[in-house]
Each structure stands twice: as structure tokens, then as C-alpha cells.
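Examination of the molecular architecture
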Protein chains: 4
Amino acid sequence: MQFLSDNAAAVHPTVWEALKAADSPDSPYDGDALSAALDERFAQVFDKPCTVLWTATGTAANCLALATMVQPHGAVVCHEDAHIEVDEGGAPGFFLHGAKLMLCEGAGAKLSPRAIRDMIDPIRNDVHQVQPHAISITQASEYGCSYRPAEVEAIAALASERGLGLHMDGARFANAVAFLDCAPAAAAGPVDALSFGFIKNGGLGAEAIVFFDQNLADVARYRRKRAGHLQSKGRFLAAQLHALLEGDVWLHNARHANAAAQEIAQACDGRLLYPVEANELFMRCTLAERETLRERGFGFYDWGEDAARFVTAWNTREEDALSLAKAIASL
Amino acid sequence: MQFLSDNAAAVHPTVWEALKAADSPDSPYDGDALSAALDERFAQVFDKPCTVLWTATGTAANCLALATMVQPHGAVVCHEDAHIEVDEGGAPGFFLHGAKLMLCEGAGAKLSPRAIRDMIDPIRNDVHQVQPHAISITQASEYGCSYRPAEVEAIAALASERGLGLHMDGARFANAVAFLDCAPAAAAGPVDALSFGFIKNGGLGAEAIVFFDQNLADVARYRRKRAGHLQSKGRFLAAQLHALLEGDVWLHNARHANAAAQEIAQACDGRLLYPVEANELFMRCTLAERETLRERGFGFYDWGEDAARFVTAWNTREEDALSLAKAIASL
Amino acid sequence: MQFLSDNAAAVHPTVWEALKAADSPDSPYDGDALSAALDERFAQVFDKPCTVLWTATGTAANCLALATMVQPHGAVVCHEDAHIEVDEGGAPGFFLHGAKLMLCEGAGAKLSPRAIRDMIDPIRNDVHQVQPHAISITQASEYGCSYRPAEVEAIAALASERGLGLHMDGARFANAVAFLDCAPAAAAGPVDALSFGFIKNGGLGAEAIVFFDQNLADVARYRRKRAGHLQSKGRFLAAQLHALLEGDVWLHNARHANAAAQEIAQACDGRLLYPVEANELFMRCTLAERETLRERGFGFYDWGEDAARFVTAWNTREEDALSLAKAIASL
Amino acid sequence: MQFLSDNAAAVHPTVWEALKAADSPDSPYDGDALSAALDERFAQVFDKPCTVLWTATGTAANCLALATMVQPHGAVVCHEDAHIEVDEGGAPGFFLHGAKLMLCEGAGAKLSPRAIRDMIDPIRNDVHQVQPHAISITQASEYGCSYRPAEVEAIAALASERGLGLHMDGARFANAVAFLDCAPAAAAGPVDALSFGFIKNGGLGAEAIVFFDQNLADVARYRRKRAGHLQSKGRFLAAQLHALLEGDVWLHNARHANAAAQEIAQACDGRLLYPVEANELFMRCTLAERETLRERGFGFYDWGEDAARFVTAWNTREEDALSLAKAIASL
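The residue numbering used here restarts from 1 in each chain and proceeds along that chain's sequence as written. Going through the entries in the order they are written, you letter the chains from A and number the ligands from 1. Totals for whole chains, interfaces and linings use all residues, but because this is a predicted model, local features are given only for residues with pLDDT of at least 70 and pairs of side-chain atoms are given and counted only at 80 or more. The side-chain figures draw on all heavy atoms in the structure; neither hydrogens nor water molecules are used.

If you check an unreviewed UniProt entry, chain A appears there as Low specificity L-threonine aldolase from Erythrobacter aureus. UniProt positions are given in the numbering used here, feature names are shortened, and annotations may be inferred rather than shown by experiment. Its UniProt record gives chain A the following Sequence similarities (unreviewed entry) comment, quoted word for word: "Belongs to the threonine aldolase family." Looking at chain A in UniProt, the text filed under Cofactor (unreviewed entry) is "pyridoxal 5'-phosphate".

1. Remarks on the relation of the copies chain A and chain B
To go from the first copy of the chain to the second, apply a rotation about an axis and then a shift along the same axis. A least-squares fit on C-alpha atoms brings the copies together, and the residues used are those whose pLDDT is at least 70 in both copies. The transformation that overlays chain A on chain B combines an axial shift of 0.0 Å with a rotation of 180°, and the residual RMSD is 0.0 Å. The transformation just described matches what one would write down for a two-fold rotation axis. Taking the C-alpha atom as reference, chain A places Ala 227 of chain A closest to the rotation axis, 3.5 Å from it. Taken together, the interface assignments show that 100% of the residues at the interface of chain A recur at the interface of chain B, consistent with an identical surface on both copies. Note on contacts: a residue pair is in contact if any heavy atoms of the two residues lie within 4.5 Å.

2. Focus on the relation of the copies chain B and chain D
By a simple turn and slide, chain B fits onto chain D: the slide is 0.0 Å along the axis, the RMSD is 0.0 Å, and the turn is 180°. Interface overlap between copies: 100% of the residues of chain B at the interface are likewise at the interface in chain D, consistent with a symmetric, same-surface contact.

3. With respect to the state of the cysteines
What counts as a disulfide here is a pair of cysteine sulfur atoms lying within 2.5 Å. Considering all chains together, one arrives at zero disulfides over all chains under this definition. Here Cys 182 of chain B is not cross-linked by a disulfide; its sulfur's nearest cysteine counterpart is in Cys 145 of chain B, at 16 Å. Free of any disulfide, Cys 50 of chain D has its nearest cysteine sulfur in Cys 182 of chain D, 16 Å distant. Three exposure classes are used, based on accessible area relative to the maximum for each residue type with a 1.4 Å probe and protein chains only: buried under 20%, partly exposed in between, and exposed over 50%. Accessibility expressed as a relative area gives 8% for Cys 50 of chain D, which makes it buried.

4. As for the sheet that holds strand E4 (residues 131-138) of chain B
By definition, the strands of a sheet pair up through backbone hydrogen bonds, in either a parallel or an antiparallel sense. Residues and elements named next belong to chain B. Strand pairing follows a simple DSSP-based rule, namely that at least 2 bridges must link the two strands. Under the DSSP-based scheme used, a helix requires at least four consecutive residues in state H or I and a strand at least two consecutive residues in state E, with every element numbered from the N terminus. What the seven strands build is an open sheet, ordered E1-E7-E6-E5-E4-E2-E3; its pairing is mixed. Single-partner strands in this sheet number two, and they are strand E1 (51-55) and strand E3 (100-104). Each neighbouring strand pair of the sheet contributes to a mean axis angle of 25°, computed without reference to strand direction. In this structure, strand E2 (residues 74-79) lies alongside E3, joined through five bridges in parallel fashion. Note on E3: the bridge partner recorded for Val 77 is Met 102. Contacts between helix H4 (residues 58-67) and the sheet are confined to E1, E2, E4, strand E5 (165-170), strand E6 (193-196) and strand E7 (207-211), with E7 contributing the most and set at about 15° to the helix. Between N-to-C directions, angles cover 0 to 180 degrees, with each direction set by a line fitted to C-alpha atoms, over the stretch in contact for helices.

5. Section: the packing of helix H7 (residues 113-120) of chain C against helix H8 (residues 149-162) of chain C
All names here are of chain C. Running from amino to carboxyl end, H7 crosses H8 at an angle of 30°, the nearest separation of the two axes being 9 Å. The angle between H7 and H8 places the two elements in the roughly parallel class. Here Pro 113, Ile 116, Arg 117 and Ile 120 of H7 come into contact with H8, specifically with Ala 154, Ile 155, Leu 158 and Arg 162. Each residue belonging to the contact of H7 with H8 can be placed in one class, and the counts come to six nonpolar, no polar and two charged. Each angle receives one of four descriptions, namely roughly parallel if under 35 degrees, roughly antiparallel if over 145, roughly perpendicular if within 65 to 115, and oblique otherwise. Three classes are used, and their members are as follows: Ala, Val, Leu, Ile, Met, Phe, Trp, Tyr, Cys and Pro are nonpolar, Asp, Glu, Lys and Arg are charged, and the others, Gly among them, are polar.

6. Some thoughts on the pattern of salt bridges
Within this document, salt bridges are pairs made up of a side-chain nitrogen of Lys or Arg and a carboxyl oxygen of Asp or Glu, the two lying within 4 Å of each other. If you walk through the whole model with that rule in mind, you get 64 salt bridges over all chains. The salt bridge partner of Arg 290 of chain D is Asp 302 of chain D, with a shortest N-O separation of 2.8 Å. One end of the pair, Arg 290 of chain D, is in helix H14 (residues 287-295); the other, Asp 302 of chain D, is in strand E9 (residues 301-302), with twelve residues separating them in the sequence. A network of salt bridges, in which partner residues are shared, links Asp 6, Arg 172, Glu 280 and Arg 309 of chain A.

7. Topic: the UniProt feature "domain: Aromatic amino acid beta-eliminating lyase/threonine aldolase" (unreviewed entry) in chain A
As recorded in UniProt, the sites labelled "domain: Aromatic amino acid beta-eliminating lyase/threonine aldolase" (unreviewed entry) are residues 2-269 of chain A. Strand forms 15% of residues 2-269 of chain A and helix 44%; the C-alpha atoms that close the span are 21 Å apart.

8. Quick notes on the side chain of Glu 207 of chain D
All names here are of chain D. Summarising the element assignment, Glu 207 is placed in strand E7 (residues 207-211). Charge counting follows a simple rule: Lys and Arg are positive, Asp and Glu are negative, and His as well as the terminal groups are ignored. Lys 200 is the oppositely charged side chain nearest to the buried, salt-bridge-free Glu 207, at an N-O distance of 5.9 Å. A 3.5 Å cut-off defines polar contacts: any pair of N or O atoms within that distance qualifies, except that in protein one atom must be a possible hydrogen donor and the other a possible acceptor, and neighbouring residues in sequence count only when both atoms are side-chain atoms. A distance of 2.7 Å separates a polar atom in the side chain of Glu 207 from the backbone nitrogen of Ile 199. Setting aside residues no more than four positions away along its own chain, Glu 207 makes contact with Leu 53, Trp 54, Thr 55, Thr 57, Gly 58, Ala 61, Phe 196, Gly 197, Phe 198, Ile 199 and Leu 241.

9. Looking at the packing of helix H9 (residues 173-180) of chain B against helix H13 (residues 249-265) of chain B
Residue and element names in this part refer to chain B. Direction vectors running N to C along H9 and H13 enclose 75°, while the axes themselves pass 8 Å from each other. With respect to their mutual orientation, H9 and H13 come out roughly perpendicular. Of H13, the residues touching H9 (which contributes Ala 174, Asn 175, Val 177, Ala 178 and Phe 179) are Trp 250, Leu 251, Ala 254, Arg 255, Ala 257, Asn 258 and Gln 262. Each residue belonging to the contact of H9 with H13 can be placed in one class, and the counts come to eight nonpolar, three polar and one charged.

10. Topic: the interface of chain B and chain D
The partner chain D presents 20 residues to the 20 residues of chain B that form the contact. Accessible-area loss on putting two parts together, using a 1.4 Å probe and summing over both, is the definition of buried area adopted here. Between chain B and chain D lies a buried interface of about 1,800 Å² when both sides are counted; carbon and sulfur atoms form 62% of it. When residues of chain B are sorted by the area they lose upon contact with chain D, His 73, Val 127 and Tyr 222 of chain B head the list and together hold 39% of the total. Remark: the boundary between chain B and chain D carries zero salt bridges.

In C-alpha cells form, the structure reads like this:
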């Protein structure tokens, strides 16, 4: 019973079907019909025009999006525990040609206008100090917390006021939308670009960068090729995105994962480090308790010395979630 | 009847089977069993130790390999028509942090020791001129010509003498091996790293960088992650490579494509721009002739103003190749 | 009697005076009064508003200017013998984060609209091919040829039509202006930025980047600091520029150097590779003839196997130029 | 009476003399006799072989040194208040092609082996996390504190144990040596490269990168040219270094500045934020007190809301230091 991560979970059946269906000749790269239909498909999801580029990884999606907003001499304001800072092997430094990440604190790995202002207001407007060019927030956050629409709006207002780009790392955007139970456009707010994750949610190897600013997308197209991310059989990436959007499979999958997380959360009374607002749980438990859980067959990561992280996925079995909940309750 | 390119061809059935078979839980990134087994699998192919990293594109494979050999202040010696110069959207400049490409001439898009020396010997050994750090050759070349083992050896000897790294772009390495009818190790020669292509030869989205120098591979691992090319469900890339190597499917596929190319070549008497030594044909033909062929249902690219390029693939139907041959013969 | 280069020539007395005069306390970096007065000073020279940044080298001036016009995924169109391609140790690749140089041919190392169009027109407007973002021309050229105002205008018109930035490497701009005997603004034409050289013309270590577009200058300011080119005692660089502009010392110096070059040129009848339109001469002469000249005490560089390069400077003595002319005449 | 900074102080008379003396023809770039003599000259200072490159700024010196030790995918461990992090406009990101800075805490802006270990020990040795490649320490520190030789040794031992390069930012190295009253080699310890500052200590525009590893210097030579930092009249930079080393002017200057700082420090009883171990003082004082001091004619920077920074220089007049000391004492 694995709760290690959703990042290596199985591929959803509808994705397999779509992949096989895409195995007929079409133009290479993103010249195929499926890739061409993405803009329209996502415009329906967000109820506004957008330009969509597929990539094979969330790291590439994040960094290609940011590279359109941040000059090499600028910086991205993000949370100190953001994926782009902690887990991407320095990819932002590569894609942004040496631009900096400016690290803010914030409960639940979420940024706030106040935290951002505390970071950027003291920066002198001179050439000796690196200037912020964009803000990146994560929906849901690294700690499984979801920004409320008003929270995103407030950050966007600050970004707009200061002339900063706004990017959303949505590796688990689906889980946030499911949790917030709102329109995708409300969960995304007025960001300039969204890395919309599908791989953790039933995909094989396709994410979407959703640009709400056509000019940024035009730049990103060149950068994607330049980064070796323009696959020649791109139709197979587009197919995955269509498959998961069709019939709202992405939302069903996310709701399923979230429900499993809530099931487990109810057993964690008083132990949770953060509210469970997506498909991740961070729970205080001793080494002995973790050993007990592992003996009972549960897989998960230690989180520092006295906590554990559990991640549910689109294919987490209800009985497994229940078993884990019971096991935790009985600790 | 498409002869546009092999780069968007269908996926081989054995690859589909392997992909589905890989859809069971395993560790993310390259921590899975399939990825772990690649070194051994390719060591059998090359009959010597090697370290193998999968990537999703040939561009990434080429540039990640070169980045381990070339400092940002150095240069890569390559043919002026090499893919890294002409078709990769400036990716080498990105992955190599501004290193230059030094462009040599050579018949059939092949380099020779003489052409390389003519390029690098006049370079003063001072800081005002960029110094070469590596040589990159393409097997088979952009024009479908294959280096004979002795030719690779001669270039490798020069590289070694001058302290230069040696990289082989093997986007169509399989076709070269099939044409040369020699051991893969002989077709690769003593290169430091080989971009071994599978996508044009039946794969979906996986290439292999084969490092014959462990130290280079150690660097490339970090660079791959940093470039956003470490997919979380990496087992699906490894699975493709295993599937095509198993039972020498890769060679069968290449032989099939090459045979189709030879079939067509026989009809091109006197028209060929280059010898057909892989699965590409470059044929002189007038605009009117090209229109005639297109009217008969053949798809292909113009090659300048008075030539056409035909590419066969692992799944080119024999009857289509025959039809094309006949159509050409009757021009 | 040295005719090797003007790049290591002595420092003009007025520069020394200005340096000493600047040795009183003022604000660091470019916050001093002398630096602040540069925009106005150069605006007088060019009879239009401009923003001026000093740098210590022509390489930095060229690359900082270009970095404001060229995205990392773009390219600079320049002559194949341009200094940025041949002599700057790959600096454009560094400052432009991997952007390419697209190399054109052209007599006398000068570009023409036709040569530029021949280079860029065949570039497909797709992501596989690097797109041009700017043009860089050299006034006077690497071979001592000066663009006529109409020639610069024609290139600028093309740049404007194609949405390309236009940069002028003016390491020997003074010599071009002196030769053309026109207003500096006419010699520069409607370029976006000019690297205006002073070091070869009597300066110690200061060049000017003259931006005719304020937005570019704003970016360059950050890039200059980021490149370690913002000297803390910047007043000493500004002082050099003021000293050479004051009383048109720069023009007098250039006229002197040009006159010396013309003196020598008259002796080179039939031997000159390029018209002498600044302070450089490229003259056919055999190895034996070069030996003869060297025995008579003349220092100069070989230019390939059967030519020599002579460069005059602001401090070339008339008698030395005459001696050289006589020596050449008597060959 | 200025105590703002030493970075824009006057130029020492011996430097002016040396500059004028260097104004005779010699080879360009670093081919002149003065540049060639630097290795030997600094070898005498450090009593061991070294290779020395001049640069025009400390930023360039620091970043060129680090670029020889840190791959683009690696990181530099430094203090969170280090100049390379806070004041260089993102230059390390540029010169190191996107490598990160890992920020440690430490009293007086000094690192310790413990602080470094606390930073790097938790880093998993995998590709998802950026790995440290070098350590950079500042002697004297940003807060005017000097590492004792044993402290440098301890950090060097850790660097060696972990296979990390070790760089010392010695913008005020002279002041540290003067304070420690030890051999320069002891103050530098076994670092791989030292940015030895001269500009704050009487120079005009020349710093030295002292490499104790020839291989690093060989790389730095190319990088210096590529960064536009190889001045054509380099003899004038070399001349400055020789002038300040000759007769230990650099040490006399530093001792003078340090003595002035000590004079002032004695008046700061109980107010000092850090021990005064070079030529900088950080002193608690209220806004009202700062206004009082400014009314009496003293120039200095605020340091946050309730402190001030005073910097003495080689040319601080004794009476000015005394005046300031008295003024502070009477607050």
C-alpha cells in the first residue's frame, strides 16, 4: 500500500486508449491535429482564451513559463520550500540564465502579499541588487495547501502593481480545484502562466503550460525547442492532455485522491502539520510509530525526524486509505 | 504514401506492449528496475561497459552529451549541415552555456580528419579565439551517409591527439549499423558518448545517451535533471529502449527502412545527390517532376529548388516503396 | 616604428590631466558628476538625446549593447570577419546567453542589405531555426573600410522592416567620422546603440556605449553591473571620455591617424587589399618584402601568407609614416 | 569628513607615478612586461608559487575565480551577507551560468565549519538537489571581521575533505593582513584562489586574482577575455598592482586605515555590533544621534534603523578620525 508519491502512479486507462488512438500518421512536433486543438480545449476549461504548450515534465513547464517573464538579471519571488527552489536540481538557474530565486516564508508553503512585500520592499532600486521580475506560487502548495481564489487575486494585484509576472506551479492544480470546488479559472486567478500538471493525476509524460498572454507563449515556443523539449511525436503528449480533460477525468481523479487524503486525515487528529487541502498529508509521528506503520505494509516518506508524508493518488484504493486511517488511529 | 520523415512514424507494437507492461508501481525518475538495467543491456550491445541515460528527444541527448565535454568558453567542431547547427533551435548554445559550433565542410555531411584540421589548425592558442573542446559527428549523417569504422577511428585518433572529446549523433545510428552490417561497437568507434536514437526507429519518446566514460555520465545525470529531462515515470522511457533492443528489433526495423530506401534508390539512377547508406534519399528532380509525384500520392520534402528528400521508416510498406520507385523511374 | 596596432598606443596628455583632475572625492560607481554629465555631452556630439554607459573594453561595450537587443534564443547578423565573431573569445555567447552569430560575407568586412537578406530570408520562421534579433555592423570595418551614411541608412531600413535591433561596433568610429568628414550622427545613422571607441584613440581604459533608445540603456545598466563592469571609481572612466570629446580631441586624433594611413597608402599602389578609409592598411607583400621592412625597423602583423597589416594611431609620428611609405615604395 | 566607503577613495600617489611610467609602448592585453612580472611579484608576497590575473573590479575577480571551481549545475557556499550574494547584481549567476549560492549564517558575516556542515550535510547526494562545489569566504568579512589563520585552516580542511574548491574574497584582504599582523600566506590560508583587492586601498581600477592552482588560472584566462575583462592596455592595471606591492605600500595603507578605525572604535564603547578587525565600524546609534553626527559634517551610511556604518580609508586624515571619535564620545 503505497503512499510515497503520486509522481510515479499508474497511467489512467483513458490515457492508454488515447495514446493508442494517436498512433496514426500526423505531422511531427506540435504540427499535429491534437496539439493544434489544445488551445481551444483549455479555453473551454478556463472560459477564456489561452495558448497551451505541452512538455514532458513539470520542471520544464515551470522553468519555460518563468523564462518568458524573467530576464537573466532578474529574480523570481517564491516560497523557500517551493519545488523550483528545492527539488528541481537548479533548473531555474539554467532556464533563466542565472536569474535568482528570492525566498519567502509563509505557513503551509503559501505566499502572501505581506510576505512578498517584506521581501521586495527593502530591495533598493539600483543595479547592485537583483530586482524581482516575477512571482511564482504553487497551487496546491508543496505542503498540500490550496490558495483560496481571493488569496490568488491579492497576490495578482500586488504583482500587477509592481509590474511583476505571475506564474502558478500547478503540479497538483487538479487537486486544488477539486478541493476548492470552484471553477478552474477561479483557482488559477489572473496568472500569466500556469503549469497545469497531469502526470501525477493519471498521465504518462505530459504537462501543460497554459499561457493567458499570447506574447509569452510565442517566446516559450522557441525556448521549448531550444531546451530539447519539443518531442517529434508530440501528438502523444497532446493526446494525454485531451484524454484527461475529456469528461473531466482530471477532476474525477483529483477528487478521488483528495477523498482518500481526507479519509486518512480524519484519523490524524491533532497530528497534522498542515490542513489537508489536496492529496498530501504531513503528520507528526515518532520513529517507532513509523516503524509500526511500515511493518503493516504502508509505504511513505519520513518528513524530517518526527513526521511522515503520505500522498494519495488517482488510483489509491479506498480500502488502502481506510486501512491506513485505521492504522494511524490505532497508533 | 508518406516519405516525409521517420520522425513522426508509428510506434512499434513491441513498444506498446512494453509500455503497458511497465504500468505497475516502481520507483520514480530513474530509480526503477528498467532504468537500472539499461547499462547492462547496452553493454551487451556494445560489448563493453557503458552508462546509459534516457532522454525524450535527440536534441536533449546530443546537447546533454556535449555539455559534459565542452566548457562554456569552448567549441564543438561539427559539420556545417549538422543537426545541432541547423535544426535544434540553438539548443547547443543553451546547454553549453554559449559555447560555439565550429562548422566544417565535407561531402555527404561527413567530417574528415583533414576538414577538422583545416578548421582547428589555424586557431591561435590564445584567449582571443575560442578553442575547440570536442568533435561531434553524425552516424548516419544528415544526408544519409554512413561513416565506415575506419573513418570513425581516424577522427577519434585526431580527437585523442588534440585532447578533444568525441560525440556521435546517432539519431539514425541503427540505420548506419544496418547499412554497415558491422558490430554496433565498430559503427560507434571509440567515441566518448553516443546519442543512440530510437524514436525514428519505432520508439514513442525515448532516446539513449550511451556514455563510454563514467565520469561524463555522472555529470550528465545532474544536467539532465537541471534541464527538466528527468521524467518521473522514467520507467516508460527505459521500457521503450529495452523493447527495441530485445531480439534486435532495432536492427530489424533499420534493415527494413534501409531496404526500402535501396529499392527506391535503384530507380534514381543518376539523380542521387549522395550515396544511399541509410534510410534517406536526396534526389535531383524538377518542380514539375515533384508535382507529378505528389499528384500520385507521394508525400516528401522539397530539398532546395531542384531536389527532393525521401525518408523511409521502419514501417514503410514495401508496396509503397515499390510504387515510389516505379513512379520515379517513369518520370 | 610600430604599426602593429592602435590598441596599445600611449595615452593622450589631455586624458592624463583629466584623470588627475578627477582624483577628488565623489560618489562611487556611476553616481559621480562626470558620469552624470555624459548623456548631455554625447547628445551634443550626436545632436540628439542619448544615454551613455562607460565600460573598460570594447568587447564589453559590444556585448552589453547586443544583450539588450537579442534574446538568448535569437541571433546577431554580422560579418564573418567581425570582431565579435573572430576576436572576442566567445564573449557574445556569454553575454547573450548562447545566442548565435549569423555570419555574412561582404567586401571589406562590410555588410550590405543584400548580404543580410541572403542570410536571413531563407530562415524558416519556425522554432527549429534560430531567428535573427539584431544586426551588428562595424564602423570603420575590421578592414578599415567606412560605411557611407547612405549605406548605414539602407541597413537600418532593413533592420527596421524586419524588426531587428541595430548595433554599431565603433571601436574605430572616430576614424570613420574623420574619413567621412561628416557629422557623427550621419556616420552612426539610426542605430539603436553604438559602441564608441576611445581606447585606440588616446584613452586609457574607457569606451562608451551610446544608446539612442533609453529602454535599452535601462537594461544595460543592470547587465553592466552583473558582468562586473561597473567600476567603483567610475569617475576615472567618465573623465577620459570627457577629455577626448572636449575640443574635439577625438577627431583631431583620428584625423592624424588617418592622415598617416593615407601617407602610407600612397606608396602602396596596386598592393592594397581594401580601400584605406580609416587608419588601417592591408597590403599584399611577399615574405621577403616583409623581412626587408622588419629589418628596417618597422613593426606590423602578417596578414595571412602574402600580406601585411599596418595600423596607424593618434600618436604615429609623421616621419615614421613617411619612412614606412618610402620603404614600401622602394620594395 | 567622509566615512561612507573606501571604494571611491583617492588614488595613491605611487599609483599615479606608476601609471605614467607605464605609458610607453608595450604589447597589448597581458603580453606586457609588467603583467608578465606579476606571478613572481605575488609569489614573493605569499612565499609560494602563484598565477595572477588582473581585473578591473572585485566583482569580476570574485566571479572569475569561482567560475573555475563551480560547474553550472553546482553551488557556492557563502555567508548570507556576502558581497557576492548581496551586492554584485547577480554576477555569480551570470559568470557561473546559473549555479546557486547556498547561504549560511554566522556571526560577523564569517563562516565556520559548523555552519557550512549544517548547510551541506542535509543535502541529499542526488540530482534533485543542487550540490555544493566550492566555498567562498571573505577576508576581512562584510562586517569588518578577520578570520584567524586557524579559522581559515579549519574551513580549508573541510573544503578539502568534501572535495570543494575554496575561494577568498579579499576586497579588504590588506586590512585583514594588517589587523592579523601575520604573513599574507597565513591570512589567506590554503585557498585555491584569492581575490586580492587594491582598489579600496589606493588603486585606481585594478584587482588581482591570485591562483594557487595553475589549472584554475588557465581556465580563468579564457573566461576573463570572454567576459570582456581583458583590457588592451593591461599594462596600466599591472602597474597599479606593482606600485602598491612595492615597498609594502598596500600594508602601510591598510595599517593607516585600520588605525583610524581603531581610533574611532575606542569611542564606541558598548555600541559596536561587531569587533573592529579591519577598517569598518558598525555602531548602534539612534536616528537623532546620526543627525547630530551629520550636522557636524560626518558622512556615513545608515545601517538599518538604529545603526551606522563608518569606513576608513588609506587616506583618512587622522584629525578626521579623531574628530569623529570625539563626536561619538559626546553623543
